[in-house]
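# Coordinates in review
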Amino acid sequence: MVVCVCNAIKEKDLRAAVESGAEKPSAVYAQLGRKPKCGQCLAFAESIIKSELATA
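All of these numbers come straight from a predicted model, not from anything done at the bench. (Residues numbered from 1 in each chain as written. Predicted model: local features only at pLDDT ≥ 70, side-chain atom pairs only at ≥ 80, totals over all residues. Heavy atoms only, no water.)

The helix and strand inventory of the protein stands at three helices and two strands. When burial is assessed residue by residue, the protein has 30% of its 56 residues classed as buried. Total accessible area on the protein stands at roughly 3,600 Å², and carbon and sulfur atoms take up 54% of it. Within the protein, one finds 8 positive and 6 negative side-chain charges whose respective centroids are separated by 8 Å. (Helix = DSSP H or I, 4+ residues; strand = E, 2+ residues; numbered from the N terminus. Buried < 20%, exposed > 50% of the residue type's maximum accessible area, 1.4 Å probe, protein only. Areas by Shrake-Rupley, 256 points an atom, 1.4 Å probe, with all protein chains shown as cover. Lys, Arg positive; Asp, Glu negative; His and termini not counted. Charge placed at Lys NZ, Arg CZ, Asp CG, Glu CD.)

The following block contains the structure:
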């Protein structure tokens, strides 16, 4: 599933970034070498991050 259309970030990429230590959307974007553009994905990204951290 695509989480961020502007940057073509897939859910699996986001989860992999969290597994590598990213704990905030800004850290995920930095790790992937991208920056948020429109910002509409941030709430969804945050929910995935929280879910991933809860199961870690």
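Phi at Ala8 takes a positive value of approximately 55°, unusual for a residue other than glycine. When its relative accessible area of 51% is taken as the criterion, Ala8 is described as exposed.

Take the state of the cysteines next. With the rule as written, the count across this model stands at zero disulfides. Cys41 provides the cysteine sulfur closest to Cys4, a residue in no disulfide bond, and the two sulfurs are 3.8 Å apart. Take Cys4: its relative accessible area is 2%, and that puts it in the buried class. Cys6 supplies the cysteine sulfur nearest to Cys38, a cysteine that is in no disulfide, at a spacing of 3.7 Å. (Disulfide = S-S within 2.5 Å.)

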